[in-house]
Amino acid sequence: MRIDVLTIFPDYLAPLRLSLVGKAHEAGILDLRVHDLREWTTDRHRTVDDTPFGGGAGMVMRPDVWGAALDDVLTPDAHLLLPTPSGEVFAQPTAHALAHETHLVIACGRYEGIDARVAEHYRAAGVRVSELSLGDYVLNGGEVAALVVVEAVARLLPGVVGNPESLVEESHGEAGLLEYPVFTKPPSWRGLDVPDVLLSGHHARIARWRRDEALRRTAARRPDMLSALDPGVLDARDRDV
Ligand SMILES: Nc1cc(-c2cccs2)n[nH]1
């Protein structure tokens, strides 16, 4: 998979060279390219924004600069992602869907936004364009969203995470439940003991305990997820939890 990130703060994306995403890039699983949007400016001051038509505070990013950059970076099978507080909330199902793409282009704008004609132009040109929000809070730019999307997608690519099994039981995973609590040595720490069932070696009981804990946590912290579950996911035992 190729991912292009366009930003006026390329150094903001430096953390992607670390750890998993860095390894995926080294292994050739992920072709990550970060571009400085100012490379497509034409004036001496390398201007990327201007005052908003209709007035109001802040600045809007210019369509001509974004158009020049996106014309160079987009490919026929690219999916253009526009982080914005007014987008659809990015969640795990979207991460899974994006992990099947061959080319993602992430255009990092600033909070006041990119001129709306940019998304309109590329949609009309047949490019798949998705406006994505991280949630109901306001950031100053799309770079943090780009870090989140790249990590959430890259870790799903085959060969990136050491043990693919670990992708199955995580929170917001296939079961649609939050993850159960995890423990490691020592068995007793500051007077707190690991649940006996986890030391029993009885795999069926351990699996049942973990599912019960996942259900309890989801019911307590995210009842919305529980009500959104496909009824077929819950078995008779689950309903007793
Ligand atoms: N969820 C979210 C996204 C944003 C952005 C701000 C600027 C570009 S993207 N704020 N909050």
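Reading guide: rules and limits
Residues numbered from 1 in each chain as written. Predicted model: local features only at pLDDT ≥ 70, side-chain atom pairs only at ≥ 80, totals over all residues. Heavy atoms only, no water. Helix = DSSP H or I, 4+ residues; strand = E, 2+ residues; numbered from the N terminus. Buried < 20%, exposed > 50% of the residue type's maximum accessible area, 1.4 Å probe, protein only. Contact = heavy atoms within 4.5 Å. Lys, Arg positive; Asp, Glu negative; His and termini not counted. Charge placed at Lys NZ, Arg CZ, Asp CG, Glu CD. Pairing = 2+ DSSP bridges. Axes fitted to C-alpha atoms, helices over the stretch in contact; angles between N-to-C directions. Phe/Tyr/Trp six-rings, centres within 6.5 Å; stacked < 30°, edge-to-face > 60°. Salt bridge = Lys/Arg side-chain N within 4 Å of Asp/Glu carboxyl O. Expected span 1.5 Å × (residues − 1). Right-handed = clockwise from strand over helix to strand, strands pointing away. Near = heavy atom within 4 Å. Polar contact = N/O pair within 3.5 Å; in protein donor to acceptor, adjacent residues only side chain to side chain. Areas by Shrake-Rupley, 256 points an atom, 1.4 Å probe, with all protein chains shown as cover. Nonpolar A, V, L, I, M, F, W, Y, C, P; charged D, E, K, R; others polar. pLDDT = per-residue confidence, 0-100. Left-handed = near helix turned anticlockwise from the far one by under 90°.

**Some details on the overall build of the protein chain**
- The helix and strand inventory of the protein chain stands at 8 helices and 9 strands.
- The dimensions of the protein chain, computed from C-alpha atoms along their principal axes, are 70 × 40 × 40 Å.
- The buried share of the protein chain, reckoned over its 241 residues, is 40%.
- For the protein chain, restricting intrachain contacts to residue pairs at least 6 apart in sequence, the fraction spanning at least 24 positions comes to 74%.
- Between the centroid of the 25 positive side chains of the protein chain and the centroid of its 36 negative side chains there is a distance of 5 Å.

**What about the sheet that holds strand β5 (residues 78-89)?**
- Pairing in this open sheet of 5 strands is parallel, and the strands run β2-β1-β6-β5-β7 from one edge to the other. Among the strands making up the open sheet, the edge pair consists of β2 (31-36) and β7 (128-133). Direction aside, neighbouring strands of the sheet carry axes that sit 25 degrees apart on average.

**Quick notes on the packing of aromatic side chains**
- Per the counting criterion, the structure on display carries 1 aromatic pair.
- Ring geometry for Phe 183 against Trp 209: centres 6.4 Å apart, planes inclined by 55 degrees, an arrangement best described as tilted. A residue pair is termed long-range when its members are at least 10 positions apart, and Phe 183 in the loop between α5 (143-154) and β8 (188-189) and Trp 209 in helix α6 (residues 203-221) qualify at 26 residues.
- We classify Trp 209 as buried; its relative accessible area is 17%.

**A closer look at the pattern of salt bridges**
- Summed over all chains, the structure comprises 11 salt bridges.
- Residue Glu 112 pairs with Arg 110 through a salt bridge whose shortest N-O separation is 3.2 Å.
- Taking the shortest distance from any N to any O, the salt bridge between Arg 123 and Glu 131 comes out at 3.2 Å.
- Here Arg 123 falls in the partly exposed class, since its relative accessible area comes to 38%.

**Quick word on α6**
- Taking 1.5 Å per residue, 19 residues should reach 27 Å; α6 reaches 27 Å between its end C-alpha atoms and fits that length.
- All of the buried residues along α6 are Ile 206, Arg 208, Trp 209, Asp 212, Glu 213, Ala 214, Leu 215 and Thr 218.
- For α6, the elements touching its buried residues are α7 (223-228) and α8 (236-239).

**Focus: the pairing of β5**
- Taken together, the 4 bridges between β5 and strand β6 (residues 103-107) define a ladder with parallel strand orientation. Directly across from Leu 80, in β6, lies its bridge partner Val 105.
- Between the parallel elements β5 and β6, the chain passes through helix α3 (residues 92-98) in a crossover that is right-handed.

**Some words on the site of the ligand**
- Residues in close proximity to the ligand total 14 residues, the closest being Ser 133, Leu 134, Gly 135, Tyr 137 and Leu 139.
- At a separation of 3.0 Å, a nitrogen atom of the ligand approaches a polar backbone atom of Gly 135.
- Tyr 137 places a polar main-chain atom, nitrogen or oxygen, 2.6 Å from a nitrogen atom of the ligand.
- When the ligand is considered free in solution it has 310 Å² of accessible area, and contact with the protein chains removes 99% of it.
- Split by residue class, the shell around the ligand holds 7 nonpolar, 6 polar and 1 charged.

**With respect to the pairing of β2**
- Of the strand pairs in this sheet, strand β1 (residues 2-7) and β2 are connected by 6 bridges, and their pairing is parallel. Following the sheet pairing, Ile 3 is matched in β2 by Leu 32.

**Focus on the confidence of the model for the protein chain**
- Scored by pLDDT, the protein chain has a mean of 93; 97% of the residues are at 70 or more.
- Across the interfaces of the predicted complex, the ipTM metric reaches 0.96, alongside a pTM of 0.92.

**Focus: the packing of helix α2 (residues 63-73) against helix α4 (residues 117-124)**
- With their axes 10 Å apart at the nearest point, α2 and α4 run at an angle of 35 degrees to one another. The interaxial crossing formed by α2 with α4 has right-handed handedness. Residue-level inspection shows Pro 63, Trp 66, Gly 67, Leu 70 and Asp 71 of α2 in contact with α4, the latter providing Arg 117, Val 118 and Tyr 122.
- A breakdown of the residues in the contact of α2 with α4 according to their chemical character gives 5 nonpolar, 1 polar and 2 charged.

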